[in-house]
Amino acid sequence: MSLCLVIDDMHPSLPAYLEPLGLTLHYRPDLRAAEVPAALAAHPYEGLVVRSKLRVTRELLSHGPQLRYVCRAGAGVDNIDEQALADAGVTLLNAPEGNRDAVGEYAIGLLLALLRHLPRADAEVKAGQWHREANRGEEIGGKTVGLLGYGHMGRAFARRLSAFGCTVLAHDHDPACLPDAYATLVPLAELQARAEVLSLHIPYTAANHQFVNEDFLAGFAQPLWLLNTARGEVLDHAALVSRLRTGHIRGAALDVLENEKLATLDPGQQIRFEYLRTAPNVVLAPHIGGWTAQSYERINAVLARKLAAFLGVG
């Protein structure tokens with residue numbers, strides 16, 4: 001019997017996917033983060049399934065000495081100390097394939113909302129206002145869209161952009177990143193010289209903290225429309241607000257923020273958030289890019305496939 005502890009809410013299909021692999025699930029989404037170490041210590045768990053409830057640290061791993069794998073139900077692994085897992089001989093499995101299509105579709109929606117002023121137009125009509133000319137928008141077709149990061153999410157967005165007749169450029173720092181039919185891989189300087197739209201698809205790591213900052217944005221040759229469906233911490237929000245004020249950024253659609261716990265904003269974050277939430281050329285959403293009914297189940301399927309390969313089952 002191989003025990004696996006699940007500490008976050010998962011699609012109810014999870015047992016049907018994992019129990020055929022010989023796993024016994026202890027499904028405990030009721031556990032608070034502070035209670036997880038004791039739960040790990042209480043049973044000989046070989047597996048741990050998490051979303052974003054807690055950080056998987058070296059200290060946490062010390063409470064689960066028999067852990068063999070940690071499954072991150074989603075794409076980002078910024079809440080997991082990968083070096084600590086490697087040192088402990090614990091394998092990390094995540095599921096970007098599970099929600100990449102959701103993010104790709106959603107990024108198209110954000111871009112359309114931004115270019116066509118949809119949130120503003122909706123609010124105006126609901127308020128009894130009818131401003132057609134003020135809401136004249138722009139088309140995606142013909143624009144040059146730059147993607148910073150060309151992994152699962154960037155590729156899913158590029159695939160959908162291909163139907164709009166725009167030019168898609170992508171830059172990825174990983175030399176092993178391969179081109180495909182939907183985007184042209186270019187050096188960063190070329191991306192900055194040509195892009196009219198910038199979409200962020202890089203993971204959050206210490207090296208990527210505020211990677212998109214004032215100096216980075218100053219390198220672009222023309223005013224930008226900016227999308228962020230990655231992580232809020234990769235974008236310097238002070239630089240973003242400054243460039244929105246000057247028009248160097250024409251508009252921004254943000255699915256993620258520098259601090260998503262809005263009740264805990266520090267004074268600087270509060271000032272920036274107040275500007276963003278009231279700016280007519282900014283679209284905000286609560287980190288829902290990969291959050292669909294379909295991706296909720298598909299993540300289980302991806303994790304099951306990867307776990308089967310890891311366990312040598314089937």
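Not measured: the values here are computed from a predicted model.

Undergrad: An account of the packing of helix α5 (residues 96-115) against helix α7 (residues 152-161) is requested, with residue identities and associated values reported.
TA: Relative placement of two packed helices is described by the angle separating their axes and the distance separating the axes. Put simply, α5 and α7 touch, their axes get as near as 8 Å, and they point 50° apart. Relative to α7, the element α5 lies oblique. Every pair of crossing elements has a handedness; the one defined by α5 and α7 is right-handed. Counting all contacts with α5, which are made through P96, E97, N99, R100, D101, V103, G104, E105, A107, I108 and L111, the residues of α7 involved are H152, M153, A156, F157, R160 and L161. Per-class residue counts for the contact of α5 with α7 are nine nonpolar, three polar and five charged.

Undergrad: Could you give an account of the side chain of Q269, naming the residues involved and the relevant values?
TA: The residue Q269 is located in helix α11 (residues 267-278) in this model. On the basis of relative accessibility, which here comes to 14%, the residue Q269 falls in the buried class. A distance of 3.1 Å separates the side chain of Q269 from the side chain of N259, its partner in a polar contact. In this view, Q269 contacts E258, N259 and T264; residues no more than four positions away in its chain are not counted.

Undergrad: Describe the side chain of N135, naming the residues involved and giving the relevant values.
TA: Residue placement: N135 occurs in the loop between α6 (118-126) and β6 (144-148). Side-chain polar atoms of N135 contact the side chain of R120, separated by 3.0 Å. Looking at N135, its side chain comes within polar contact range of the main-chain oxygen of H131, at 2.8 Å. Apart from residues no more than four positions distant in its own chain, N135 is found in contact with R116, H117, R120, A121 and E124.

Undergrad: Would you mind going over the sheet that holds strand β2 (residues 23-27) in detail, with residue names and values included?
TA: With parallel pairing, the five strands of this open sheet are ordered in space as β2-β1-β3-β4-β5. Across the chains shown, the open sheet's two edge strands, defined by having one partner strand only, are β2 and β5 (91-94). Strand-to-strand twist of the sheet, defined as the mean angle between neighbouring strand axes without regard to direction, takes the value 20°. Here strand β1 (residues 2-6) runs beside β2; their pairing, made up of five bridges, is parallel. Residue pairing across strands places V6 opposite Y27, the latter belonging to β2. Packing of helix α12 (residues 293-311) onto the sheet brings it into contact with β2, β4 (69-72) and β5, and relative to β5 it is tilted by some 150°.

Undergrad: Got a sec to walk through the nonpolar core? Specific residues and values, please.
TA: In terms of nonpolar packing, the biggest core is built from 30 residues, with L198, L217, L240, L244, L254 and L276 touching the most fellow members. Sort the elements by how many residues they give to this core and helix α10 (residues 237-246) lands first, with four residues. Once residues lying within four places of it in the same chain are set aside, the contact partners of L254 are L226, N228, L235, H237, L240, L276, V283, L284 and A285.

Undergrad: Hey, could you go over the environment of L85 for me, with residue numbers and the actual values?
TA: Mapped onto the fold, L85 is located in helix α4 (residues 82-88). The buried category is assigned to L85, whose relative accessible area is 1%. In the structure, L85 is positioned 15 residues away from V70 in sequence and 8.5 Å away in space, judged by C-alpha atoms. Not counting the four nearest positions on each side in its chain, L85 is found in contact with V56, L61, V70, I80, V90, T91 and L92.

Conventions we followed
- Residues numbered from 1 in each chain as written.
- Predicted model: local features only at pLDDT ≥ 70, side-chain atom pairs only at ≥ 80, totals over all residues.
- Heavy atoms only, no water.
- Axes fitted to C-alpha atoms, helices over the stretch in contact; angles between N-to-C directions.
- Helix = DSSP H or I, 4+ residues; strand = E, 2+ residues; numbered from the N terminus.
- Parallel < 35°, antiparallel > 145°, perpendicular 65-115°, else oblique.
- Left-handed = near helix turned anticlockwise from the far one by under 90°.
- Contact = heavy atoms within 4.5 Å.
- Nonpolar A, V, L, I, M, F, W, Y, C, P; charged D, E, K, R; others polar.
- Buried < 20%, exposed > 50% of the residue type's maximum accessible area, 1.4 Å probe, protein only.
- Polar contact = N/O pair within 3.5 Å; in protein donor to acceptor, adjacent residues only side chain to side chain.
- Pairing = 2+ DSSP bridges.
- Core = buried A, V, L, I, M, F, W, Y, C linked by side-chain atoms within 4.5 Å.

On their own, these measurements won't tell you what the molecule is for.
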